[in-house]
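What follows is each chain in one-letter form.
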Amino acid sequence: MKGIDWESLSFGYMKTDYNVRCYYHDGKWGEIEICSEDTFNISIAASCLHYGQEAFEGLKAYRCPDGKVRVFRMDENAKRLQSTCRYIVMPELPTERFEEMVKKVVRLNQEWVPTYESGSTLYIRPLLIGITPQVGVHAARDYMFVIFVTPVGPYFKGGFQANPYAIVHNYDRSAPLGTGSYKVGGNYAASLYAHNLAAAKGYASEFYLDAKEKKYMDECGAANFFGIKNNTYITPKSSSILPSITNKSLMQVAEDLGMKVERRQIPYDELETFEEAGACGTAAVISPISYIDDLDTGAHIEYGKEPGPWSKKLYDTLRGIQYGIIEDKHGWTTVVVE
Ligand SMILES: *Cc1c(COP(=O)(O)O)cnc(C)c1O
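Values in this document were obtained by computation on a predicted structure and should not be read as measured data.

## Re the site of the ligand
- Near the ligand, the surroundings consist of 15 residues, among which Lys 183, Tyr 188, Ser 244, Thr 246 and Thr 282 are the closest.
- Thr 282 has a polar side-chain atom sitting 2.6 Å from an oxygen atom of the ligand.
- In isolation the ligand has 390 Å² of accessible area, and contact with the protein removes 96% of it.
- At a threshold of 2 Å from the grid points, most atoms of the ligand map onto the largest pocket.

## Side note on a nonpolar patch on the surface
- On the surface, Tyr 51, Val 135 and Val 137 cluster together into a nonpolar patch covering about 340 Å² of accessible area.
- Tracing the backbone through its elements, the reader meets Tyr 51 in helix α1 (residues 47-51).

## Focus: empty space enclosed by the protein
- A complete count under the given rule lists 2 cavities of 30 Å³ or more for this structure.
- As for the largest cavity, its lining consists of Gly 58, Leu 59, Lys 60, Tyr 62, Phe 72, Asn 77, Ile 245, Thr 246 and Thr 282.
- At the level of secondary structure, the elements contributing two or more residues to the lining of the largest cavity comprise β5 (59-63) and α6 (245-256).
- Residue contributions to the lining of the largest cavity peak at 3 residues, all from β5.
- By residue class, the composition of the lining of the largest cavity is 4 nonpolar, 4 polar and 1 charged.

Rules used in this analysis
Residues numbered from 1 in each chain as written. Predicted model: local features only at pLDDT ≥ 70, side-chain atom pairs only at ≥ 80, totals over all residues. Heavy atoms only, no water. Near = heavy atom within 4 Å. Polar contact = N/O pair within 3.5 Å; in protein donor to acceptor, adjacent residues only side chain to side chain. Areas by Shrake-Rupley, 256 points an atom, 1.4 Å probe, with all protein chains shown as cover. 1 Å grid on protein atoms, 1.4 Å probe; cavity = no way out; pocket = protein on both sides within 12 Å on 5 of 7 lines; lining within 4 Å. Sits in = over half its atoms within 2 Å of the grid points. Patch = residues over 30% accessible without salt bridge, like charges linked within 9 Å, V, L, I, M, F, W, Y side chains within 5 Å. Salt bridge = Lys/Arg side-chain N within 4 Å of Asp/Glu carboxyl O. Helix = DSSP H or I, 4+ residues; strand = E, 2+ residues; numbered from the N terminus. Points joined across faces, edges and corners; volume = space filled by probe spheres on them. Nonpolar A, V, L, I, M, F, W, Y, C, P; charged D, E, K, R; others polar.

Interpretation note: all reported values are geometric properties and have no functional meaning in isolation.
So this is what it looks like as structure tokens:
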């Protein structure tokens, strides 16, 4: 393995040896190309640059205690990318091709998969962009799909920790009938301002309410939300949140652990009734919430400095499955390097 201090990595970017690419021209996908450069040449008029015809995904490869490298539910990432493509009118990449490329890019860069002990992982970033030069607003004819990887540090450097979140009333990241449920870069651009407001005040992330009524909980910046009470895992149902694969998996794990699971609207007023609350996504699995402040009303809801027992159990179980430590009874993991 590369002589890198894996433990001190952040969630940044480091060039690795290879990325894999696939172009779409004349109505069809081409062959998989292996590339050692981490730049590309596109026209200044490429449509992705001007009108945001861009979709991405995020998943990880884990070096496991048994020495193997596993990836988690990549078929779900392939399906979600296809769903994004349908909405922003891009050609869908078949699941088999997506999986083949993920395996290939991880195998080619296997020396970049951090050690198990470091807590770091290899982040996998698929990206699909429209590259036809045009200034008219319509879908591109040509596309580039690329997957690159970069080692990223452990989300919790000092162990599993709880963080504060801030509710923002005056900003929306997406509209109820808009792109909120699709993984497009534009949603992130739309969230940066509110994110900076929350971050400047020391919060881990901003927390959005539903854009239409401002009555229900939506999601936390780049992560889904869940609350726990009476042995029940409750997570928002909304047309403007991104369907998190981590959340979907946690719902299954919660059920497997004997919890009840509810996916429904969560009224703002219900927040104070939860015993535990957390944000979830690939980066952290679970980021437990210590307290939520409402930046406009001044309301303060406390969940505690320490992660709650259910959050800890859910986190340990899902992480255990990802690392091949706990039995993968749903067939979620794929061994990519033996
Ligand atoms: C990617 C993403 C998530 C988390 O999804 P996972 O599949 O669990 O990583 C949550 N919210 C938003 C807005 C996202 O873009």
